[in-house]
Amino acid sequence: MLRAFDLLQEYNESVINDLEKRFPQSDWRIIDSFTARRCINIHRMFNTLRSLLIPNHDDCSINALLRSLADHIASLLLIYSGSTKDEILLRHLLCIADGITERKETLLSFCRVNNHIDVLEQEHVLNECEEYIRLCPLYPEHKNRIERLLTKHNWKYKSLASGESYKWSELYRDILKLNNDYVEYLSQYVHGLAGSVLSSNKNDVSRATAICIACYLNMKFSLFIWDICQIRPPDVLTNTLNELIR
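All of the points below concern the structure found in this document. All residue numbers here refer to positions counted from 1 along the written sequence of the relevant chain. Only residues with pLDDT of at least 70 get local features here, since the model is predicted, and only at 80 or more are side-chain atom pairs given and counted; chain-wide, interface and lining totals rely on the full set of residues. Hydrogens are left out, water is left out, and the side-chain values use all remaining heavy atoms of the structure.

### Some details on the packing of helix 3 (residues 59-80) against helix 4 (residues 85-110)
With their axes 8 Å apart at the nearest point, helix 3 and helix 4 run at an angle of 135 degrees to one another. Comparing the axis directions of helix 3 and helix 4 gives the class oblique. Facing Leu78, Ile79 and Tyr80 of helix 3, the residues of helix 4 in contact are Ile88, Arg91, His92 and Cys95. Classifying every residue of the contact of helix 3 with helix 4 gives five nonpolar, one polar and one charged. Only C-alpha atoms enter the line fits that serve as axes; for helices the fit covers just the stretch in contact. Angles between N-to-C directions range over 0 to 180 degrees. Only DSSP runs of H or I reaching four residues or more are called helices, and only runs of E reaching two or more are called strands; each is numbered from the N terminus. For classification purposes, an angle smaller than 35 degrees is called roughly parallel, one larger than 145 roughly antiparallel, one from 65 to 115 roughly perpendicular, and anything else oblique. Throughout, a residue-residue contact means that at least one pair of heavy atoms, one from each residue, lies within 4.5 Å. Here the term charged refers only to Asp, Glu, Lys and Arg, the term nonpolar to Ala, Val, Leu, Ile, Met, Phe, Trp, Tyr, Cys and Pro, and the term polar to all other amino acids, Gly among them.

Structure follows, in structure tokens:
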């Protein structure tokens, strides 16, 4: 499994280098730019994870990083693998608005005078983003639904026809196609709960599971970037990955 992981990282390195040259900075108004920077970040996280996947190393960090990668990739696929360009745009802008809101609230919580300008800047960007959302092609037909989504900047909605939203556990199951609760359990390591200490250091099952999940997540991510970059990897690699995902 680690060999497959390494092959993916090696092959994707040139893809990521090309994205970095084409998109040296992210611009939330340009979807290709923002998507590229998200992919660059995820690839770097996989590099960090690989450096940890050695015997007798830091299992807490490995499992916390696995959970973070699952969240990043589930979000990436939900937003940017939408059925239409219009829905991709809507989810993208709602996600941006959500991130700006979180940043603004964090700045306000610092209660420092020199944050005042930053808060005003975030407020300006948030207003601009919400204006973009109301200009989306989907807005006229789904005005009431989108206005409800705007109240919490809810980009995890299941469909515009329903009032339901994805939980993270559902994203793992429905978007990543992970048919167990192990990734959700990894929150024990993220939040420093008791489960992060209870696993036995003498048991290699947890490490093997971590490697399998790492490889699987990397495959899901790789297929996404190959698709958006319109890249055809070697047939042997593609066939091997498709077999593993099945």
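### So, the nonpolar core
With 72 residues, the main nonpolar core has Phe46, Leu49, Leu66, Leu90, Leu176 and Leu217 as its most contacted residues. For this core, the secondary-structure elements that each account for two or more residues are helix 1 (2-22), helix 2 (31-52), helix 3, helix 4, helix 5 (116-134), helix 6 (143-152), helix 7 (168-174) and helix 11 (205-228). Once residues lying within four places of it in the same chain are set aside, the contact partners of Leu49 are Ile62, Leu65, Leu66, Leu69 and Ala214. By nonpolar core is meant a set of buried Ala, Val, Leu, Ile, Met, Phe, Trp, Tyr and Cys residues that side-chain atoms within 4.5 Å join together. The cut-offs for exposure are 20% and 50% of the maximum accessible area for each residue type, with area from a 1.4 Å probe on protein chains only; residues under the lower value are buried, those over the upper are exposed, and the others partly exposed.

### Here's the deal with empty space enclosed by the protein
In the cavity and pocket records, a cavity denotes points on a 1 Å grid over the protein atoms alone where a 1.4 Å probe fits but cannot get out, a pocket denotes an open set with protein on both sides within 12 Å along at least 5 of 7 lines, and lining residues are residues with an atom within 4 Å of a point. Grid points are joined across faces, edges and corners, and a volume is the space filled by probe spheres set on the points. Under the counting rule described, the total for this entry stands at one cavity of 30 Å³ or more. In this model, the largest cavity occupies a volume close to 30 Å³. Taken together, Asp59, Ile62, Asn63, Ser206, Arg207 and Ala210 make up the full set of residues lining the largest cavity. Of all the elements in the fold, those that place two or more residues in the lining of the largest cavity are helix 3 and helix 11. The residue makeup of the lining of the largest cavity, split by class, is two nonpolar, two polar and two charged.

### Quick look at the pattern of salt bridges
The term salt bridge refers to a pairing of a side-chain nitrogen on Lys or Arg with a carboxyl oxygen on Asp or Glu at a separation within 4 Å. Across all of its chains, the model carries 13 salt bridges by this definition. Here Arg22 makes a salt bridge to Asp18, at a shortest N to O gap of 3.6 Å. Within this pair, Arg22 and its partner Asp18 are both found in helix 1, separated by four residues, close to a single helical turn. We note a salt bridge from Arg91 to Glu87, for which the minimum N-O separation is 3.5 Å. Taken together, the residues Arg91 and Glu87, both in helix 4 and four residues apart, mark about one turn of the helix. Judged on exposure class, the residue Arg91 and its partner Glu87 are both buried.

### Digging into the environment of Glu130
Mapped onto the fold, Glu130 is located in helix 5. Along the chain, Glu130 and Ala214 lie 84 residues apart, while their C-alpha atoms are 36 Å from each other. If we skip the residues at most four places from it in the chain, Glu130 touches Leu150 and His153.

### A closer look at unusual backbone geometry
For His153, which is not glycine, the phi torsion reads 50 degrees and is therefore positive. Topologically, His153 is positioned in the loop between helix 6 and helix 7. With a phi angle near 55 degrees, Gln230 is a residue other than glycine that sits in the positive phi range. The class for Gln230 is exposed, based on a relative accessible area of 73%.

### Some remarks on the packing of aromatic side chains
Classification of ring pairs rests on two measures: the distance between centres of Phe, Tyr or Trp rings, Trp counted by its six-membered ring, which must be within 6.5 Å, and the angle between planes, read as stacked under 30 degrees, edge-to-face over 60 and tilted in between. As enumerated under the stated definition, the model contains seven aromatic pairs in all. For the pair Phe46 and Phe221, a centre-to-centre distance of 5.9 Å together with 40 degrees between the ring planes defines the contact as tilted. Taken as a pair, Phe46 in helix 2 and Phe221 in helix 11 lie far apart in primary sequence, 175 residues in all. Exposure remark for Phe46: the relative accessible area of 0% places this residue in the buried category. In this structure an aromatic cluster arises from ring pairing among Phe5, Phe46 and Phe221. The ring of Trp155 carries the charged tip of Lys156 above its face, separated from the ring centre by 4.8 Å. Geometrically, a lysine NZ or arginine CZ counts as sitting over a ring once it is within 6 Å of the ring centre and also within 35 degrees of the ring normal.

### Brief notes about the side chain of Gln122
Summarising the element assignment, Gln122 is placed in helix 5. Filtering out sequence-adjacent residues up to four positions away, Gln122 remains in contact with Ile100, Arg103, Lys104 and Leu107.

### Brief notes about the state of the cysteines
The definition used for a disulfide is geometric: two cysteine sulfur atoms within 2.5 Å. This model, assessed by the stated rule, comprises zero disulfides. Sulfur of Cys136: no disulfide; nearest cysteine sulfur belongs to Cys129 and is 8.7 Å away. The exposure class of Cys136 is buried, given its relative accessible area of 2%.

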